[in-house]
Amino acid sequence: MNTPSEDYHALLARHDAMRLRRRILAPAGSSAEPWSAEAPQAYDGSADQLLISDSLALVSPLEELVAELYLLLFERHPYLRSLFPESMAFQQVHLVGIFRYLISNLHRTEEMIGVFGQLGRDHRKLGVRPAHFEAFEAALLEALRVRAGVRWTRALEHAWLRMLRLAVSAMVRGADEAIAEPPSWDATVTSHELRAPDLAVLRVRPHQPYAFEAGQYASLESPLLEQAWRSYYLARAPHPDGELEFHVRARGAGGVSDALVHGTRVRGAVRLSAPRGALALPEHLPSADILLVASGTGWAPMKALLQRIDTDRSRTHRVRLLLGLTAPEESAAAGELYDGAYLEAFRRGRPWLTVVAAEAAEARFAGAGLRALNGTTTPYRGAAARQHAFLSLAPEAPEAAAAGYARDVSARLAAAGVPAAHIHHETNGIVAVTEASASTARTGLLSA
């Protein structure tokens, strides 16, 4: 028997299929949609950014604003509560991060449109629709008025509305552009292996074809925590058998990672989002030196990238893999290589691959910087300009620490002569406030 959540998502899937059919059959130039997300008018957010920033104290702290927003949203629209996980703690933290990102980057209109378009595509898995955003907008405005009291002004309200509608219109447009893509994939767990008391390697097989590239990540939902999603890198390049691999470390907080490590069994079910991410190999990567830098479960995308490189020997790549880097905020366990047997077998007979295992004590930042990177950049003049570096650092560390760690390593590589455009890591907009390390599910305005 289907649960209400399953019935709801099945209804949404049928609705999307009918919308897609209407679009295909509609005459050229006509709109078959009951609504449309028009491209935004020319908008310079600098003035609104200044106004909102200068008056932020009226509604601060943002944590209390967000708590008030959700209280009002659920009071006015109780049915929306089912779109959210049972615990709202993570969601409230991430929404605060999104507001901070919006306010800080409102002057970067084009960048924001791209970031929130991606969020809109990701929100399809949650069953979010444009009408939900209308309810969210009304609740936000009421929460702002409650927080600011008599000091609230029409000019402030219009500035917040323009900021919010810029983000929401991009999300609606992003969701619409992805209508031919399933909002999510059901999958069956085919293997669940504990490599440590808090770390599991999972294999899952989606029920529908699942196209992705090595280096990407996907969000996973466990039936033990419906509507709670967390992102993990795919640890296997695309394979004819269709199986996907994920490396998951439990955090002891009772969240998705704990459910996948301790509550998931073979033949169990999970749900997947569409694949995303910035670590895939460039489409036209010429023969080059490649540097892969990873710590903890950040080894997962590097494993997939190595498999991808190994299948295409038409290009000559020299690959250095630097493993075991440990940020000061990480536990010692995060630096341990739990997949060493696979790596040892893989590198035998592949002279193009050099593996550098950095001792945690040598990999910490101190004094002159990251000593473990010495020797990993090409030493002769001009060669560093042809090097590409892929970073997947400290997924187990606190999010802010992981983001800072990636920035420090990037700066070290740039100083060695590696072009900034050749340094690949997750820094895409909102992802940066919650995920330089592919940590939490891609947060959005309404739910995550």
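Residues numbered from 1 in each chain as written. Predicted model: local features only at pLDDT ≥ 70, side-chain atom pairs only at ≥ 80, totals over all residues. Heavy atoms only, no water.

Caption draft 1: Examining the overall build of the chain more closely. Of regular secondary structure, the chain possesses 13 helices and 11 strands. The buried share of the chain, taken over its 448 residues, is 54%. Pairs at least 24 apart in sequence give 78% of the contacts found in the chain among residues at least 6 apart. Counting every atom, the chain has about 19800 Å² of accessible surface; 55% of that belongs to carbon and sulfur. (Helix = DSSP H or I, 4+ residues; strand = E, 2+ residues; numbered from the N terminus. Buried < 20%, exposed > 50% of the residue type's maximum accessible area, 1.4 Å probe, protein only. Contact = heavy atoms within 4.5 Å. Areas by Shrake-Rupley, 256 points an atom, 1.4 Å probe, with all protein chains shown as cover.)

Caption draft 2: Layout of the sheet that holds strand 7 (residues 289-294). With parallel pairing, 5 strands are arranged side by side in an open sheet as 9-8-7-10-11. With partners counted over all chains shown, the strands left at the sheet margins are strand 9 (353-357) and strand 11 (423-424), one partner each. Where strand 7 meets strand 8 (residues 318-323), 6 bridges bridge the pair, whose relative direction is parallel. Of the residues in strand 8, the one forming a bridge with Leu292 is Leu321. In this fold helix 9 (residues 299-311) packs onto strand 7, strand 8, strand 9 and strand 10 (388-392), with an angle of close to 155° to the strand it touches most, strand 7. (Pairing = 2+ DSSP bridges. Axes fitted to C-alpha atoms, helices over the stretch in contact; angles between N-to-C directions.)

Caption draft 3: Fine view of the packing of aromatic side chains. For the structure shown, the criterion picks out 8 aromatic pairs. When the ring of Tyr70 is compared with that of Phe74, the centres are 5.9 Å apart and the planes differ by 20°; the resulting orientation is stacked. Taken together, the positions of Tyr70 and Phe74, both in helix 3 (residues 62-76) and 4 residues apart, correspond to about one turn of that helix. Per residue, the accessibility class of Tyr70 equals that of Phe74, and both read buried. With 5.9 Å between their ring centres and 75° between their planes, Phe99 and Trp160 make a pair best called edge-to-face. You can see Phe99 sitting in helix 4 (residues 89-105) and its partner Trp160 sitting in helix 7 (residues 154-177), a full 61 residues away along the chain. By relative accessible area, which is 0% here, Phe99 ends up buried. Following the ring pairs from residue to residue traces out a cluster consisting of Trp185, Tyr210 and Phe212. (Phe/Tyr/Trp six-rings, centres within 6.5 Å; stacked < 30°, edge-to-face > 60°.)

Caption draft 4: Fine view of the pairing of strand 3 (residues 217-221). Burial of strand 3 is extensive: 5 of the 5 residues sit out of reach of the surface. Residues Tyr217, Ser219 and Glu221 of strand 3 are buried on one face, and the alternating residues Ala218 and Leu220, pointing to the opposite face, are buried as well. As judged from the 4 bridges shared by strand 3 and strand 4 (residues 230-233), these two strands associate in the antiparallel manner. Across the sheet, the residue bridging to Ala218 is Tyr232, located in strand 4. Taken together, the 2 bridges between strand 3 and strand 6 (residues 269-272) define a ladder with antiparallel strand orientation. Note that in strand 6 the partner of Glu221 across the bridge is Arg271.

Caption draft 5: Molecular detail of the sheet that holds strand 5 (residues 244-249). Strand order across the open sheet formed by 6 strands is 4-3-6-1-2-5, with antiparallel pairing between neighbours. Strand pairing shows two members of the sheet lacking a second neighbour, strand 4 and strand 5, which therefore form its edges. Neighbouring strand axes in the sheet, compared pairwise and without regard to direction, differ in orientation by 40° on average. With respect to the sheet, helix 9 is in contact with strand 4 and strand 5, its orientation differing from that of strand 5 by roughly 155°.

Caption draft 6: Looking closely at helix 7. Between its terminal C-alpha atoms helix 7 stretches 34 Å, which fits the 34 Å expected from 24 residues at 1.5 Å a residue. Burial analysis of helix 7 places 17 of its 24 residues in the buried class, which makes it a mostly covered element. (Expected span 1.5 Å × (residues − 1).)

Caption draft 7: Local environment of the confidence of the model for the chain. On average, residues of the chain carry a pLDDT of 76, and 71% of them reach 70 or more. Under a pLDDT of 50 for its full length, residues 326-335 has, in the predicted model, 23 contacts with residues more than four places off or in other chains. Scored below 50 in pLDDT, residues 374-381 makes 17 contacts in the model with residues more than four places away or belonging to other chains. (pLDDT = per-residue confidence, 0-100.)

Caption draft 8: Expanded view of the pattern of salt bridges. All told, the structure shown has 21 salt bridges when counted by the stated rule. The salt bridge involving Asp198 is made with Arg249; its shortest N-O contact spans 3.3 Å. With Asp198 in the loop between strand 1 (185-196) and strand 2 (199-206) and Arg249 in strand 5, this pair connects stretches of sequence that are 51 residues apart. Given a relative accessible area of 25%, Asp198 falls into the partly exposed group. Looking at Arg249, the relative accessible area reads 11%, which means it is buried. Here Glu344 and Arg347 are joined by a salt bridge, their closest N and O atoms 2.9 Å apart. Of the two residues, Glu344 and Arg347 both sit in helix 10 (residues 340-347), 3 residues apart, roughly one turn of that helix. (Salt bridge = Lys/Arg side-chain N within 4 Å of Asp/Glu carboxyl O.)

Caption draft 9: Up close: the packing of helix 2 (residues 46-54) against helix 4. It is the contact of helix 2 with helix 4, at a shortest axis distance of 8 Å, that shows an interaxial angle of 130°. Classified by the angle between their axes, helix 2 and helix 4 sit oblique to one another. Contacts from Gln49, Ile52 and Ser53 in helix 2 reach Ile103, Ser104 and Asn105 in helix 4. Of the residues contributing to the contact of helix 2 with helix 4, the split by class is 2 nonpolar, 4 polar and no charged. (Parallel < 35°, antiparallel > 145°, perpendicular 65-115°, else oblique. Nonpolar A, V, L, I, M, F, W, Y, C, P; charged D, E, K, R; others polar.)

Caption draft 10: How the structure looks around helix 4. Taking 1.5 Å per residue as the helical rise, helix 4 with its 17 residues ought to reach 24 Å, and the 25 Å between its terminal C-alpha atoms agrees with that figure. Inspection of helix 4 places Gln91, His94, Leu95, Val96, Gly97, Ile98, Phe99, Tyr101, Leu102, Ile103 and Asn105 among the buried residues, and these make up the whole buried set.

Caption draft 11: Examining unusual backbone geometry more closely. The omega torsion of the bond from Ser60 to Pro61 falls at 0°, within 30 degrees of zero and hence cis. Along the chain, Pro61 falls in the loop between helix 2 and helix 3. One non-glycine residue, Arg267, lies in the positive phi region at around 75°. Among the structural elements, Arg267 can be located in the loop between helix 8 (256-262) and strand 6.

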